[in-house]
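Observations on the three-dimensional arrangement
Next come the chains, spelled out residue by residue.
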Amino acid sequence: ARLLRYTLDYSSKPVTLAKEIEILGNYVELQEKRFGERISFEFDLDESFHQIRVPSMILQPLVENCITHGVGMKGEDARISICTRYDEEEQLGWIEIGDNGIGMDEQELDAVRREMRENDQIDRKIGLSNVYHRLMIFFNYRAEMEIYSEQERGTRIEIAMPYSRKPEGQTA
């Protein structure tokens, strides 16, 4: 119910990354009930930049892709990891979502990357290209999103977003 309410209330509004992760937790809870011990989710979160504003519904579709295309058919030991970290020197917030699923060969990976970047019909479907284009628009093309994959070793999506933490006491 919380996931549905979030989708209805925030579908076109920016939210904090903290809120996105909270809602992702609700989605993960459903998937844990669905898959039981066949799948595990690992969170490694650097909360120092989680107040950054992001488009809503960017994490859930990526985790859903991991399940659908990566680990959903594994009989056991399926893992999905969600990691955030902040690079102070580069002033970038990073999100990494990965799985230990079936992965893709170079040809498949190239096709997915091409589809992600070229399919700009963001209103038609939620998926890689939707998330990619909404991030690019939201961050004025200063964000980055890349996919890495190896057959039988899994797939990883990395997102880099510009974020500058203000020193304590500074307001501007």
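Note on numbering: residues in each chain are counted from 1, in written sequence order. Local features in this predicted model are restricted to residues whose pLDDT is 70 or higher, and side-chain atom pairs enter the listing and the counts only when it is 80 or higher, whereas totals over whole chains, interfaces and linings include all residues. Working from all heavy atoms in the structure, the side-chain values ignore hydrogens and water.

Details of the overall build of the protein chain
- By the criteria applied, helices consist of DSSP H or I runs no shorter than four residues and strands consist of E runs no shorter than two, each listed in order from the N terminus. Helix and strand counts for the protein chain come out as 5 helices and 7 strands.
- Of all 172 residues assigned to the protein chain, the portion counted as buried reaches 45%.
- Here a residue-residue contact requires only that any non-hydrogen atoms of the pair lie within 4.5 Å. Considering only residue pairs separated by 6 or more positions, the protein chain has 68% of its internal contacts joining residues 24 or more positions apart.
- Note on areas: Shrake-Rupley with a 1.4 Å probe; residue coverage comes only from the protein chains shown. Summed over all atoms, the accessible surface of the protein chain reaches about 10,100 Å², with 45% contributed by carbon and sulfur. Burial classes: relative accessible area under 20% of the type maximum marks a residue as buried, over 50% as exposed, and values in between as partly exposed (1.4 Å probe, protein chains only).

Examining the layout of surface pockets
- Note on definitions: the grid is 1 Å and covers protein atoms alone; a cavity is a set of points where a 1.4 Å probe fits but cannot get out; a pocket is an open set with protein on both sides within 12 Å along at least five of seven lines; lining residues have an atom within 4 Å of a point. Grid points are joined across faces, edges and corners, and a volume is the space filled by probe spheres set on the points. There is about 270 Å³ of room inside the largest pocket.
- In terms of lining residues, the largest pocket is bounded by 15 residues, among which Asn65, His69, Met104, Leu128 and Thr155 are the most central.
- For the lining of the largest pocket, the secondary structure elements donating two or more residues are helix 3 (59–71), helix 4 (106–118) and strand 7 (154–162).
- Top contributing element to the lining of the largest pocket by residue count: helix 3, with 5 residues.
- Looking at the lining of the largest pocket, its residues break down into 8 nonpolar, 5 polar and 2 charged. Residue type decides the class: Asp, Glu, Lys and Arg count as charged, Ala, Val, Leu, Ile, Met, Phe, Trp, Tyr, Cys and Pro as nonpolar, and the leftover types, Gly among them, as polar.

Quick look at helix 4
- Here the expected length of a helix is defined as 1.5 Å per residue gap, with one fewer gap than residues. End to end, helix 4 covers 18 Å across 13 residues, agreeing with the expected 18 Å (1.5 Å per residue, within 8%).
- Where helix 4 begins, the capping side chain belongs to aspartate 105, and its oxygen is found 3.1 Å from the backbone nitrogen of glutamine 107. Identification of polar contacts relies on pairs of N or O atoms within 3.5 Å, with a donor-acceptor requirement for protein atoms, meaning one able to donate a hydrogen and the other able to accept it, and with residues adjacent in sequence counted only if both atoms are side-chain atoms.

Examining the packing of aromatic side chains
- For Phe, Tyr and Trp, where Trp contributes only its six-membered ring, two rings pair if their centres lie within 6.5 Å, and the inter-plane angle classes them as stacked under 30 degrees, edge-to-face over 60, or tilted in between. The full count for this structure, using the stated rule, is 4 aromatic pairs.
- Seen from their ring centres, phenylalanine 49 and tyrosine 163 are 6.3 Å apart, and the 55° between their planes marks the pair as tilted. You can see phenylalanine 49 sitting in the loop between strand 2 (39–44) and strand 3 (53–55) and its partner tyrosine 163 sitting in the segment after strand 7, a full 114 residues away along the chain.
- Members of the aromatic cluster, joined through ring pairs, are Phe49, Tyr86 and Tyr163.

Focus on unusual backbone geometry
- At methionine 57, a residue that is not glycine, the phi angle is positive and equals roughly 60°.
- You can see methionine 57 is positioned in the loop between strand 3 and helix 3.
- Exposure remark for methionine 57: the relative accessible area of 11% places this residue in the buried category.
- Here asparagine 140, not a glycine, exhibits a phi torsion of approximately 55°, which is positive.
- In this fold, asparagine 140 is placed in the loop between helix 5 (128–138) and strand 6 (144–150).

Without other data, these values stay purely geometric and don't point to any function.
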